[in-house]
Amino acid sequence: MGKHKSETAQQKSPAEFFASNQAIAGFDNPGKSLYTTIRELVENGLDAAESIGSLPEINVTVEELSREEFNKYRGVKGAEGRKDENLFKDRGGSKRDSTGSEKEDTYYIVTVKDNGCGMSHSSIPNMLGIVLSGSKYGVRQTRGKFGLGAKMALIWGKKSTGIPVTVVTSHTKNPGEVPAKVSKCILDIDIYKNLPRVEEHTERTNHSSFVGTEFKLCIGGSWKSHGKFIKSYLQKLAVITPYASFSFDFVPGTGSKTTKVSLSYPRTSDNMPPLSKHVKHHPSSVNNLLIQQLLDISPKKTLLSFLTGELSGITKPVALRIISELSCGDSSFSPSMPPSSVTQTQINRICQILKTVTEFRAPDATCLSPAGEYNLRLGIQQHYNPDHLFTHTSKPGAVDGHPFLVEVGVAFGGSCREKINVTRFANRIPLLFESGSDVCTKVCAKGIDWKAYYIDPVGSRVEVFVSIVSTKVPFKGTGKEYIADNVREIKDKVTRGIQACARQIKEILGVRKKLGDAKARRSKLTRYIPDASKALFGILQEVVKRNAEKPQEYAALISSVKSKKVTVDSFSDKLKLMVNEEVTKAEESDLIKSKGQGNHPDEQNFYIGPVKEEEFEWGKTVDTGKVFFVPRGKRHKFEGWGDA
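Residues numbered from 1 in each chain as written. Predicted model: local features only at pLDDT ≥ 70, side-chain atom pairs only at ≥ 80, totals over all residues. Heavy atoms only, no water.

The protein chain appears in an unreviewed UniProt entry as DNA topoisomerase VI subunit B transducer domain-containing protein from Triparma verrucosa. Recorded under Subcellular location (unreviewed entry), the UniProt text for the protein chain is reproduced unchanged: "Plastid". (UniProt positions renumbered as here; feature names shortened; annotations may be inferred.)

This is the structure:
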């Protein structure tokens, strides 16, 4: 038997782990890595601007590099500097595409600039150079949570090009304030130590009034495969974030067959959603590890104050009842029990009770920050210009103690695409991949009977927008690109939201259908008017012949026929007039019913301010006795008014 080398336990740093498993963070391949890099940096910029109340301005530039440009950029020699060409002969293992021609890796310089809060000079290395460090931990809605996004872009840059990131930033806490200093930092990550490796870190006077942060990094990628997704992402982001302005430029490399792309999405709203607030954990969302952590860091002195102060939704009476229930199996439980004395077995018992109690208050929804119906409508209207647009916002719900809320917009006609098209957002981030598995797509495909709302799912042009916000979006899979339809609470609210919008469209289309029926009725009746006129005139002539001997009784009728005041044509004209009048009345009735059915995108909420009671007095009408509140001393201007 051969001898086996002894195995030793090894440890990996977080940076090393994610460098080896980059698909978890969305860096599956070069094309997806380019897309994810842009997405992460853009969302960081949005968060930075929103955190200080500044309306975001995001500028993105992607410069494609040819092989020669890339080698020059990183300071290495290309093929022209080779000494032994035999080393580079094709031995059958070169990378070739489907046409048989040799593939070349493509590299890009990605620059993303924002007008956000920036980073303080001393914090830059640790904020960018330590994986799983971040400012978004806690119970509140955020675009990201785990301190991965920008760091993974740095790791991907290090793997694909070996070139560090360059960051220029100025730190401010107030919108409109110009910082006195600007910092520049060139760094990458030591993935084995999970620590920043800084090449340059300087600070200078801010002569150019620079505000925000500019990231510049060189990475491998593929615009050819994922350029369409990058453009779609920015367009959809402009829909859900109309209070931000975006500009994007793609610059092809020397000799490249790709074309230049310039996109601009100007700001159309200054109504920025309020920031989400930090809240306490809800009892139904806790687990053993979380309870242990809260017990360790809690400053509370008693178990009673711990339950009411460190968790949300627990009132003092309910907390006392919980402790009483706990003490049934363990007499050491008491309201005055110090949290530090709770054992692991007791933690298990606490978790068991908290997950089964039903008398907690609902989770606090102030930790959510939805786009708002105004912004959602404005974004959809700007980019799709539909004939009709309706929106709906659900009441907050909860999944395993985590609050969530669903916003839905349904657009019909105009520039909408054919069939039923679904656009998905999670925490105001567009979701582009794996749409077929998502709850929103499945509800639209199988959960809605569109024909019941007079909508042809094949021939109509309909855009459905669903935005789900939560402190913990229940994604499926490591890519976090879709939400499965097995979460009943979310599926129900998505379904009801789409149905609420579809009902309003049904009202409009119902009126259209009635108007179409009226036009068809007019056309059908008009078709029979010539024959009906001849028949009626023939009957009238027969009546005149039979009553010629009674001239006094039928004198007017006989005279009208003989003088040709009544003819076939006059009958025809009268019948046409009657048909038009009746059909027009039906059309007007349907139009009147349809008034106010739509919420036009140009409509604004109108608010009436409070009035001072001393400036008004009560009065009533003499005829009906109805009581009204009128300006003091002005009752004499209204007829039929008396004293209340």
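Now that the structure is up, let's keep going.
Chemist: Looking at this structure, how should I read the overall build of the protein chain?
Modeler: For the protein chain, the count of helices and strands is 15 helices and 19 strands. Burial status across the protein chain gives 43% buried among its 644 residues. For the protein chain, the computed accessible surface area is about 35,500 Å², with 51% contributed by carbon and sulfur atoms. (Helix = DSSP H or I, 4+ residues; strand = E, 2+ residues; numbered from the N terminus. Buried < 20%, exposed > 50% of the residue type's maximum accessible area, 1.4 Å probe, protein only. Areas by Shrake-Rupley, 256 points an atom, 1.4 Å probe, with all protein chains shown as cover.)

Chemist: Looking at this model, I keep getting lost on unusual backbone geometry. Mind explaining?
Modeler: Most of the time, phi is negative for any residue but glycine, and the peptide bond is trans. The phi angle at Ser209 is positive, at roughly 55°, despite the residue not being glycine. For Tyr454, which is not a glycine, the phi torsion comes out positive at approximately 60°. Within the element layout of this structure, Tyr454 appears in the loop between helix H12 (439-447) and strand S14 (461-470). Judged by relative accessible area, Tyr454 falls into the partly exposed class, the value being 42%.

Chemist: In this structure, what is going on with the nonpolar core? I would like to understand it.
Modeler: Membership of the largest hydrophobic core comes to 62 residues, with the highest contact counts inside it found for Ile38, Val42, Val110, Leu128, Phe246 and Phe248. Per-element tally for this core: the top contributor is helix H6 (residues 223-240), with eight residues. Look past the residues within four positions of Ile38 in its chain and what remains in contact with it is Val60, Val62, Val110, Ile230 and Phe248. Counting residues in hydrophobic clusters, the runner-up holds 33 residues, among them Val399, Ile455, Val462 and Val494. (Core = buried A, V, L, I, M, F, W, Y, C linked by side-chain atoms within 4.5 Å. Contact = heavy atoms within 4.5 Å.)

Chemist: Please clarify how the confidence of the model for the protein chain should be interpreted in this entry.
Modeler: If pLDDT is low for a region, its predicted coordinates should not be looked at in detail. Per-residue confidence for the protein chain gives a mean pLDDT of 82, with 81% of residues at or over 70. Within the model, the stretch residues 96-102 combines pLDDT values under 50 with eight contacts to residues more than four positions away or in other chains. When the criterion is pLDDT under 50, residues 595-609 qualifies, and its contacts beyond four places in sequence or with other chains add up to 16 contacts. (pLDDT = per-residue confidence, 0-100.)

Chemist: Would you explain the sheet that holds strand S6 (residues 212-221) in this entry?
Modeler: The strands making up a sheet associate through hydrogen bonds between their backbones, and the pairing can be parallel or antiparallel. The strand order across the open sheet built from eight strands is S5-S4-S3-S6-S2-S1-S7-S8, with neighbouring strands paired in mixed fashion. A single partner strand is all that each edge strand has here, and the edge strands are strand S5 (195-205) and strand S8 (261-265). Between one strand axis and the next, the sheet turns by 15° as a mean value, whatever way the strands run. Taken strand by strand, H6 contacts strand S2 (106-114), S6, strand S7 (245-251) and S8, and its axis lies near 15° from that of S8. (Pairing = 2+ DSSP bridges. Axes fitted to C-alpha atoms, helices over the stretch in contact; angles between N-to-C directions.)

Chemist: Help me out: how do you make sense of the packing of aromatic side chains in this one?
Modeler: Here a ring pair, both rings aromatic, is described through the centre-centre distance and the interplanar angle of the planes. Scanning the model with the defined rule gives nine aromatic pairs in all. With centroids separated by 4.8 Å and ring planes inclined at 45°, the aromatic side chains of Phe229 and Phe433 adopt a geometry described as tilted. One end of the pair, Phe229, is in helix H6; the other, Phe433, is in the loop between strand S13 (429-431) and H12, and 204 residues separate them in sequence. For Phe229, a relative accessible area of 23% gives the class partly exposed. A ring pair is formed by Tyr384 and Phe465, whose centres lie 5.2 Å apart and whose planes are at 70°; its orientation type is edge-to-face. Of this pair, Tyr384 sits in helix H11 (residues 373-384) while Phe465 is found in strand S14, placing the two residues 81 residues apart along the sequence. An identical accessibility class is assigned to Tyr384 and Phe465; each is buried. Three or more aromatic residues joined by ring pairs form one cluster here, namely Tyr35, Phe229, Tyr233 and Phe433. Here the guanidinium or amino end of Lys32 rests over the ring plane of Phe433, the centre of that ring lying 4.7 Å away. The ring centre of Tyr454 lies 5.6 Å from the NZ or CZ of Lys506, which sits over that ring. (Phe/Tyr/Trp six-rings, centres within 6.5 Å; stacked < 30°, edge-to-face > 60°. Lys NZ or Arg CZ within 6 Å of the ring centre and 35° of its normal.)

Chemist: Explanation requested: the environment of Pro370 in the structure shown.
Modeler: Take Pro370: it is sitting in the loop between helix H10 (344-356) and H11. Expressed as a C-alpha distance, the spacing of Pro370 and Ala426, which sit 56 residues apart in the sequence, is 9.9 Å. Once residues lying within four places of it in the same chain are set aside, the contact partners of Pro370 are Gln141, Pro273, Leu405, Glu407, Arg428 and Val469.

Chemist: Just to check I follow, could you spell out the packing of helix H2 (residues 30-51) against H6 for this structure?
Modeler: Pairs of packed helices are described in terms of their axes, by the angle between the two and the distance that separates them. At a minimum axis distance of 8 Å, the contact between H2 and H6 shows a crossing angle of 25°. Comparing the axis directions of H2 and H6 gives the class roughly parallel. Here the hand of the crossing between H2 and H6 comes out right-handed. Along its contact with H2, which presents Gly31, Lys32, Leu34, Tyr35, Ile38, Arg39, Val42, Glu43 and Leu46, the element H6 presents Trp223, Ser225, His226, Phe229, Ile230, Tyr233 and Leu237. Classifying every residue of the contact of H2 with H6 by side-chain character gives 10 nonpolar, three polar and three charged. (Parallel < 35°, antiparallel > 145°, perpendicular 65-115°, else oblique. Left-handed = near helix turned anticlockwise from the far one by under 90°. Nonpolar A, V, L, I, M, F, W, Y, C, P; charged D, E, K, R; others polar.)

Chemist: How should the pairing of S14 be read in this particular structure?
Modeler: Consecutive side chains along a regular strand alternate between the two faces of the sheet. S14 sits mainly inside the fold: nine of its 10 residues count as buried. The pairing of strand S11 (residues 402-412) with S14 spans nine bridges and is antiparallel. For Gly409, the partnering residue across the bridge sits in S14 and is Phe465. Two strands pair when backbone bridges link them, and strand S12 (residues 419-426) and S14 are joined in this way by eight bridges, in the parallel orientation. For Asn421, the partnering residue across the bridge sits in S14 and is Glu463.

Chemist: Explain the packing of H2 against helix H5 (residues 149-160) here, please?
Modeler: Contact geometry for H2 and H5: axes closest at 9 Å, N-to-C directions at 140°. Comparing their axes, H5 and H2 come out oblique. Taken as a pair, H2 and H5 cross one another with a handedness that is left-handed. The residues of H5 that touch H2, namely those facing Pro30, Ser33, Thr37, Glu40, Leu41 and Asn44, are Gly149, Ala150, Ala153 and Trp156.

Chemist: Just checking my understanding: could you explain the pattern of salt bridges for this structure?
Modeler: Note on pairing: side chains with opposite charge can pair once their charged atoms come close. Applying the stated criterion across every chain, the model contains 13 salt bridges. Residue Lys32 pairs with Asp28 through a salt bridge whose shortest N-O separation is 3.7 Å. The class of Lys32 is buried, set by a relative accessible area of 10%. Here the residues in one salt-bridge network are Arg39, Glu43 and Glu481, joined through shared partners. (Salt bridge = Lys/Arg side-chain N within 4 Å of Asp/Glu carboxyl O.)

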